[in-house]
Amino acid sequence: MSVTVGADARPCGDSRWPAPVDLSDLLPGQTHGVVTMGLERIKGALAALDNPQNSFVAIHVAGTNGKGSICSLIHGALAAHGLPSGLYTSPHLVSWCERIRVGQTFITPTTLRSLLLELRPLAQQWSLTPFERLTVAAFLYFHRQAVNLAVLEVGLGGRLDATTAHGQRHTVAFAAIGEDHQEYLGEDITSIAREKAGVLTPGCVAFSGPQPAAVVPVLRQAAVDCGATMTWVPPLADDTFRSLNLPLRGRVQQHNAAVAMAVLEHVSATMQPLDMQRSRKGMASVRWPGRLQHCRWHGHPLLVDGAHNRCAALCLRKELDGATSAGPIHWVLGILANKDAVGMLQALLRPGDRAWLVAIKDSVCWSADQLVKRLPAPQAACLERTPPHLGSTWPVSIALRQATRQPSGSEARVVVSGSLYLLGQLHHQGVIRVVEKN
């Protein structure tokens, strides 16, 4: 996945990704700032624009892990039909332009900057957060592009997320719900599920794949309370999943693909007739990088995955344990300071593994020194301590050099994970090269 600075929009079906664009003057403190939740600000701003979002209906996708994959699969199928459909996702890996697409084309840097400049007075008047500014820009862009159906990925939670300001969300999908962002959503999984169930609206039709036992009654009760219909979707059988020939790998994608297909069948029956063969072709053309993606660094094979919370780490480890390759794993991990690093490392590390905790640009991250006393002995023994002259965390390039250096007679796998921001940094800098379409 090469990055060419200054490139304009590129087709989503192509393996290339849009180039980085600096929006720091229009989205101040946008990367890891404090989240201010609530719908009053964005609803006020949208009303001042005469509610452009009312010109299209939305498929709303909530959850903790996998919602981006579900969104991309649904939109890939819609785009394959040539429908004027929109896609709004977050976060991005390389470019802000990844977040907004119409059909098979990303928004251009020029258009996105122009929209944000146009909206700046309104954003200041209503004290919009950076995510709210982007959401208003996406809604306005979809309106002006005559989109009639948009797929919206929830940013954080659901009940108070900016995307929930869209009032015509008659179809809802739930990816797996787990523990993440507890500082905003609640300390336990039940509280988190209640916040995410807040996307349900009276009379909407909702689809969910398998959920943790504590989540199921929360979603069921929320659906009953607001008069929504909840449909539980089993994961695709192995042979059915293989027949889709999706570029998204891993058992968890059998859950995500099943939900996406259920939503598409509902759309076909109630909104827009779809040819399922064409839908499958569109799903197979999706590019959603950073999910069990095979890359190379200076000729060395790497597996990169954006697992950034404990439940995603458990899924990643299960996938690796089920692979044909055996032996230890060398981990290059960038974990933001607000994440459950202890839970993630307990899920990922096994005796014989080695782990380098690396720095992510413009972010505060966990270091080995901070974690070694908090982890059980087997996991603590896997951590590579940073030499004093290198700082608290390993520079990524040095960590990759160390991790890919194989002692004689050994053959450890190298996995880069812990944060989508880390993967985006590597792609942006051209540090790693994709060797498989994904």
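Just above sits the structure.
Note that the structure is a prediction, hence the values are computed from the model and not measured. (Residues numbered from 1 in each chain as written. Predicted model: local features only at pLDDT ≥ 70, side-chain atom pairs only at ≥ 80, totals over all residues. Heavy atoms only, no water.)

Draft legend 1. Spatial organisation of the pattern of salt bridges. For the structure on display, the rule yields 11 salt bridges. Two residues, aspartate 369 and arginine 385, come together in a salt bridge whose shortest N-O distance is 2.5 Å. With a gap of 16 residues between them, aspartate 369 in helix H13 (residues 368-371) and arginine 385 in the loop between helix H14 (377-380) and helix H15 (396-404) connect regions that are remote in the sequence. Looking at aspartate 369, the relative accessible area reads 41%, which means it is partly exposed. A cluster of three or more residues bridged by salt bridges with shared partners is formed by Arg317, Asp321, Arg350 and Asp353. (Salt bridge = Lys/Arg side-chain N within 4 Å of Asp/Glu carboxyl O. Helix = DSSP H or I, 4+ residues; strand = E, 2+ residues; numbered from the N terminus. Buried < 20%, exposed > 50% of the residue type's maximum accessible area, 1.4 Å probe, protein only.)

Draft legend 2. Geometry of the packing of helix H6 (residues 189-197) against helix H7 (residues 216-226). At their nearest, the axes of H6 and H7 sit 9 Å apart, and the two run at 35° to each other. Considering only the axes of H6 and H7, their crossing is right-handed. Contacts from Thr190, Ala193, Arg194 and Ala197 in H6 reach Val218, Leu219 and Ala222 in H7. Of the residues belonging to the contact of H6 with H7, the class tally is 5 nonpolar, 1 polar and 1 charged. (Axes fitted to C-alpha atoms, helices over the stretch in contact; angles between N-to-C directions. Left-handed = near helix turned anticlockwise from the far one by under 90°. Contact = heavy atoms within 4.5 Å. Nonpolar A, V, L, I, M, F, W, Y, C, P; charged D, E, K, R; others polar.)

Draft legend 3. Broad picture of helix H3 (residues 109-125). With 17 residues, H3 should reach 24 Å at 1.5 Å per residue; the first-to-last C-alpha distance of 24 Å fits that figure. Of all the bends in H3, the greatest, near 50°, is centred on leucine 119, and the proline proline 121 appears no more than four residues after it. When H3 is considered as a whole, its buried residues turn out to be Leu112, Leu115, Leu116, Leu119, Leu122 and Ala123. In this structure, the buried residues of H3 make contact with helix H1 (40-48), strand S3 (100-102) and helix H4 (130-144). Serine 127 sits one or two positions beyond H3 and adopts a positive phi of about 50°. (Expected span 1.5 Å × (residues − 1). Bend = angle between axes of the 7 residues up to and from the residue.)

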